[in-house]
Amino acid sequence: MSPPPSHGVDLVVRPTHRRAGEVHVIVGPMFAGKTTALLRRVMAEADTGRSVAIIKSSRDNRYATDAVVTHDGTKFPCWPLSDLLSFKHKFGADAYQKLDVIGIDEAQFFGDLYDFCCEAADLDGKTVVVAGLDGDYLRRSFGSVLNVIPLADTVTKLTARCEVCGNRAFFTLRKTGETQTELIGGANVYMPVCRQHYTNGQGVSVTKEATRIAFETHVVQNDLVLETAAAIV
Ligand SMILES: [Zn+2]
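Quick caveat: nothing in here was measured; it's all calculated off a predicted structure.

Q: Tell me what's going on with helix 4 (residues 113-123), and back it up with residues and numbers.
A: Regarding helix 4, the residues found buried are L113, F116, C117, A120 and A121. All buried residues of helix 4 lie within an arc of 100° about the axis, which places them on one face of the element. Among the structural elements, strand 1 (22-28), strand 6 (101-105) and strand 7 (127-133) are those in contact with the buried residues of helix 4. Count one or two residues on from helix 4 and you reach G125, which has phi positive near 70°.

Here's what the structure looks like:
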């Protein structure tokens, strides 16, 4: 047999000593346990002896600046960054070389998510675990999280519990009247809801009632609200 015609592409397979990279995406509404799932996944990798690091947005400082903290209080040290492409430099080239797994929490805040995932997984052979909101409070694509789905090995959409009826919640409802897309807050500002209560709650009386409740509980018993939120994760 004659060899296949060449199309000018270098088809030589170079030997590689490290495993191929992977991208895993975890999405869902607020209070769906995305950070918990991210930590569980990264810790499972660490338990097998792989070297891990977690990055979170420096914009989200609700709980701690140098740790990822779930709504139920589990902590893991992390790198708070404003962009992802600076990670390699800040982490150190040698340390980065030895790194196997990179977790990214609150990924919707990173504008360079797509480029970072391409480079880390395709070129550097890293396993990248991305956790973030798929939609904002208006159910529009939030940041660039959905852009990395074509890069992903796996995509997981988690659900929360509807704060009104207890059914599975797919969406995040904003309780307050603010309209900017990025309004960082916890259970005082947002609640997970099912489709029915999202539809009922947007812009009608439920929102006003929720705003009143949110305001009162925020003033009187904010900690209790956060605990309640943790309980439904
Ligand atoms: Zn509901």
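Let's pick the thread back up.
Q: Give me the pairing of strand 1: which residues, what numbers.
A: The element strand 1 is extensively covered by neighbouring structure, given that six of its seven residues are classed as buried. With seven bridges connecting them, strand 1 and strand 7 associate as parallel partners. Note that in strand 7 the partner of G28 across the bridge is L133. As paired elements, strand 1 and strand 8 (residues 154-157) share four bridges and run parallel to each other. Within strand 8, the residue paired with H24 across the bridge is T154.

Q: Account for the nonpolar core, naming residues and giving values.
A: With 49 residues, the main nonpolar core has C117, V128 and V130 as its most contacted residues. Mapped onto this core, the elements with two or more residues apiece are strand 1, helix 1 (34-47), strand 2 (52-57), strand 6, helix 4, strand 7, strand 11 (171-174) and strand 12 (190-193). Sequence-distant contacts of C117, that is, excluding residues within four places in its chain, are made with V23, V128, V130, V148 and L151.

Q: Give a detailed account of the environment of E106, specifying residues and quantitative values.
A: With respect to the element layout, E106 can be found in the loop between strand 6 and helix 4. Separated by 25 residues in the primary sequence, E106 and A131 have C-alpha atoms spaced 6.0 Å apart.

Q: Go over unusual backbone geometry, please, and point to the residues and values.
A: Unlike most non-glycine residues, F31 shows phi in positive territory, near 65°. Locating F31 in the fold gives a position in the loop between strand 1 and helix 1. Look at F31 and you get buried, because 25 C-beta atoms sit within 10 Å. Positive phi, normally seen in glycine, also occurs at R139, with a value near 65°. Note on placement: R139 falls in the loop between strand 7 and strand 8.

Basis of the calculations
- Residues numbered from 1 in each chain as written.
- Predicted model: local features only at pLDDT ≥ 70, side-chain atom pairs only at ≥ 80, totals over all residues.
- Buried ≥ 20, exposed ≤ 12 C-beta atoms within 10 Å, placed from the backbone.
- Helix = DSSP H or I, 4+ residues; strand = E, 2+ residues; numbered from the N terminus.
- Arc of directions from axis to C-beta.
- Contact = placed C-beta atoms within 7 Å.
- Pairing = 2+ DSSP bridges.
- Core = buried A, V, L, I, M, F, W, Y, C linked by C-beta atoms within 7 Å.

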